[in-house]
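Single-letter residue listing:
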Amino acid sequence: MSTAVSNGSQRSLFRRGSWPEARRIAEVLRQETIGGALLLAAAVIALVWANSPWASAYEALRDWKVGPASLHLDLSLATWAADGLLAIFFFVAGLELKREFVAGDLRDPRRAAVPVAAAVGGVIVPALIYVAVNLSAGDGALRGWAIPTATDIAFALAVLAVVGRFLPAALRTFLLTLAVVDDLLAILIIALFYTAQLSVLPLLGALVPLAVFGVLVQRRVRSWWLLLPLAVATWVLMHESGVHATVAGVLLAFTVPVVRSDRAGGPDAGPGLAEHFEHRFRPLSSGFAVPVFALLSAGVTIGGLSGLGASLTDSVAIGIVAGLVLGKTVGITAATWLVARFTRANLDEGLSWTDVIGLAMLGGVGFTVSLLIGELSFGAGTDREEHMKVAVLTGSLAAALLASVVLRLRNRVYRRIHDAEQLDADRDGIPDVYETDAGRER
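Keep in mind that this is a model prediction, so the values were computed, not measured. (Residues numbered from 1 in each chain as written. Predicted model: local features only at pLDDT ≥ 70, side-chain atom pairs only at ≥ 80, totals over all residues. Heavy atoms only, no water.)

Draft legend 1. Spatial organisation of the overall build of the chain. Helices and strands together make up the secondary structure of the chain, namely 17 helices and five strands. The C-alpha radius of gyration of the chain comes to 22 Å, within 12% of the 22 Å expected for a compact globule of 442 residues. With the C-alpha coordinates aligned to their principal axes, the bounding extent of the chain is approximately 60 × 55 × 40 Å. In the chain, of all internal contacts separated by at least 6 residues, the share reaching a separation of at least 24 is 78%. Element-wise, carbon and sulfur atoms account for 65% of the exposed surface of the chain, whose accessible area totals about 18900 Å². Averaged over its 36 positive side-chain charges, the chain has a centre that lies 5 Å from the centre of its 37 negative ones. (Helix = DSSP H or I, 4+ residues; strand = E, 2+ residues; numbered from the N terminus. Rg over C-alpha atoms; globule rule 2.2 N^0.38 Å. Contact = heavy atoms within 4.5 Å. Areas by Shrake-Rupley, 256 points an atom, 1.4 Å probe, with all protein chains shown as cover. Lys, Arg positive; Asp, Glu negative; His and termini not counted. Charge placed at Lys NZ, Arg CZ, Asp CG, Glu CD.)

Draft legend 2. Region of the structure containing helix 16 (residues 411–422). Given a rise of 1.5 Å per residue, 12 residues ought to cover 16 Å, and the 16 Å separating the end C-alpha atoms of helix 16 matches this to within 8%. Along helix 16, the residues that are buried comprise Asn411, Val413, Tyr414, Ile417, His418 and Glu421. The buried residues of helix 16 occupy an angular sector of 150° when projected down its axis, which confines them to one face. Relative to its buried face, helix 16 has exposed residues pointing more than 90 degrees away, namely Arg412 and Arg416. (Expected span 1.5 Å × (residues − 1). Buried < 20%, exposed > 50% of the residue type's maximum accessible area, 1.4 Å probe, protein only. Arc of directions from axis to C-beta.)

Draft legend 3. Structural detail: the packing of aromatic side chains. The final tally for this structure, using the stated rule, is seven aromatic pairs. Ring geometry for Trp80 and Trp235: centres 5.6 Å apart, planes at 15°, overall stacked. On the criterion of sequence distance, the pair formed by Trp80 in helix 3 (residues 77–102) and Trp235 in helix 8 (residues 224–241) is long-range, its members being 155 residues apart. By relative accessible area, which is 24% here, Trp80 ends up partly exposed. With a centroid separation of 5.3 Å and 90° between ring planes, the pair formed by Trp145 and Phe193 is classed as edge-to-face. One end of the pair, Trp145, is in the loop between helix 4 (109–134) and helix 5 (153–163); the other, Phe193, is in helix 6 (residues 169–193), with 48 residues separating them in the sequence. With relative accessibility at 22%, the residue Trp145 sits in the partly exposed group. Three or more aromatic residues joined by ring pairs make a cluster, and in this case those are Phe91, Phe277 and Phe281. (Phe/Tyr/Trp six-rings, centres within 6.5 Å; stacked < 30°, edge-to-face > 60°.)

Draft legend 4. Main features of the nonpolar core. The biggest cluster of nonpolar side chains holds 108 residues, and the ones touching the most others in it are Phe14, Phe174, Leu176, Ile320, Leu362, Phe367 and Ile373. Considering every element that reaches this core, the biggest residue donor is helix 6, with 14 residues. The residues touching Leu362, leaving out its near neighbours within four places in the chain, are Ala156, Val159, Leu160, Leu175, Ala403 and Leu407. Phe91, Leu95, Ala253 and Val256 belong to the second-largest nonpolar core, a separate cluster that totals 16 residues. (Core = buried A, V, L, I, M, F, W, Y, C linked by side-chain atoms within 4.5 Å.)

Draft legend 5. Representation of helix 9 (residues 246–254) in the model. In terms of burial, helix 9 is a largely internal element, seven of the nine residues being buried. Looking at helix 9, one finds that the buried residues are Thr246, Val247, Ala248, Gly249, Val250, Leu252 and Ala253. If you follow the buried residues of helix 9, they end up packed against helix 3, helix 6, helix 7 (200–218) and helix 8.

Draft legend 6. Up close: the packing of helix 6 against helix 13 (residues 353–362). Relative orientation of the contacting elements helix 6 and helix 13 amounts to 35°, with a least axis distance of 11 Å. The way helix 6 lies across helix 13 gives a crossing that is right-handed. Contacts between helix 6 and helix 13 involve Leu171, Phe174 and Leu175 from the former and Asp355, Leu359 and Leu362 from the latter. Residue composition of the contact of helix 6 with helix 13, by class: five nonpolar, no polar and one charged. (Axes fitted to C-alpha atoms, helices over the stretch in contact; angles between N-to-C directions. Left-handed = near helix turned anticlockwise from the far one by under 90°. Nonpolar A, V, L, I, M, F, W, Y, C, P; charged D, E, K, R; others polar.)

Draft legend 7. View of the confidence of the model for the chain. Here the chain shows a mean pLDDT of 86. Residues at 70 or above account for 93%. Counting interchain partners and residues more than four positions distant, the pLDDT-below-50 stretch residues 1–9 has 42 contacts. Low pLDDT (under 50) marks residues 438–442, which in the prediction has 16 contacts with non-local residues, meaning those over four places away or in another chain. (pLDDT = per-residue confidence, 0-100.)

Draft legend 8. Spatial organisation of the pattern of salt bridges. Tallied over the full model, the rule gives eight salt bridges. The partner of Arg384 in a salt bridge is Asp314, and the shortest N-O contact between them spans 3.2 Å. Highlighted residues: Arg384 in helix 15 (residues 383–409) and Asp314 in the loop between helix 11 (304–312) and helix 12 (315–343), separated in sequence by 70 residues. Both residues of the pair, Arg384 and Asp314, count as buried. (Salt bridge = Lys/Arg side-chain N within 4 Å of Asp/Glu carboxyl O.)

Draft legend 9. Representation of the environment of Val325. As for its placement among the helices and strands, Val325 is situated in helix 12. Distance from Val325 to Leu402, taken between C-alpha atoms, is 8.6 Å for residues 77 residues apart in sequence. Look past the residues within four positions of Val325 in its chain and what remains in contact with it is Gly395, Ala398, Ala399 and Leu402.

Draft legend 10. Spotlight on the packing of helix 3 against helix 14 (residues 368–378). The interhelical angle for the contact between helix 3 and helix 14, taken along N-to-C directions, is 140°, at an axis separation of 12 Å. Crossing geometry of helix 3 relative to helix 14 is assigned as left-handed. Every residue of helix 14 that contacts helix 3 at Ala82, Leu86, Phe89 and Phe90 is listed here: Thr368, Val369, Leu372 and Glu375. Of the residues contributing to the contact of helix 3 with helix 14, the split by class is six nonpolar, one polar and one charged.

Draft legend 11. Representation of the side chain of Arg384 in the model. Residue classification places Arg384 among the buried positions, given a relative accessible area of 17%. For Arg384, the side chain forms a polar contact with the side chain of Asp314, separated by 3.2 Å. Apart from the residues within four sequence positions on either side, Arg384 is in contact with Gly138, Asp139, Gly140, Ala141, Asp314, Ser315, Val316 and Phe378. (Polar contact = N/O pair within 3.5 Å; in protein donor to acceptor, adjacent residues only side chain to side chain.)

Printed below as a string of structure tokens:
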């Protein structure tokens, strides 16, 4: 995975990780790429539908309320998608992050330094740019400061599948890890800054099913009829407390053990419960939850060129586009450079800072979580929310196109590295580079 690691007296950024980790990441990327294609399709359908003669039917679908009113859960389908389906998305992201830091290559702090620092830089700089643009705007514009801070995993990987098929494994893993850390930072921001009213009793009550869930999974219980009701109860109480319900997904994920118990054979006996749950829920997250959220959230009435112009001249939209396109590029690249500077690390052989800039641009594809934060910032159905959606779509598209240009220019280099990473002369199922690199785990 991407990082600065020891190589004698020399440290190297984006050095190849272990073979088991590379194989696992490749499988994750395949699933997320399929999810990204579904996400793009859902977003296009939403945009076309919202600007068609049947736009009223789209709005009626979004606003259709279902659920028990006695539990304050008579919510619109759009709210169910944002609060409920995205909880599944954050559950998977939480599992992925915990597994990386407990049993993956990121358990080495030196390996974790680059993607974590890049994620932090990719949150701080876009937020500062947005605030600078909207400092004197008034009318609640500053509430949207966190909108350009998120990177969309599925959308970015869908772009990468088209323009970066031969991207080296270390760079792919860097992007995936950065996006996951970025999403967890986003959920922390939502919990801390977008909780309007906090009800303490439901919040404390949520800790009870959460604790029972944690005890059961620590004992390696997998029975869905026990775990699912506890997870739902945690989500309902979190929703009732005023804290955004998606936080429940992350908290539940963090209770799941990563390593097998000694009774089950220990760490060397195979994947732990976290990876088991991740395999079960990732297809549900990337193949259903996120695309449905996109379908119910991305539809915005543009109103032709004049409407597009009016939306993009709003200071909120300018701040979002500048944050996604410029802020992400500067923040991720600068943070990576600072880690290299202070650890005296060099880029791994064959790579250049152009590669970092290209991935940083791709980090500006901020779709799913950006839309979620935008809705929390300005409320559904407002003019500002409409402008926000146009800006997120525009900024994400611009970032994707710019990243595509930069990464395509390096495609010949990537193909050479990719071919070397796939070569298996002894046909033992492990590419030769993972056997010859010093310190690699089989």
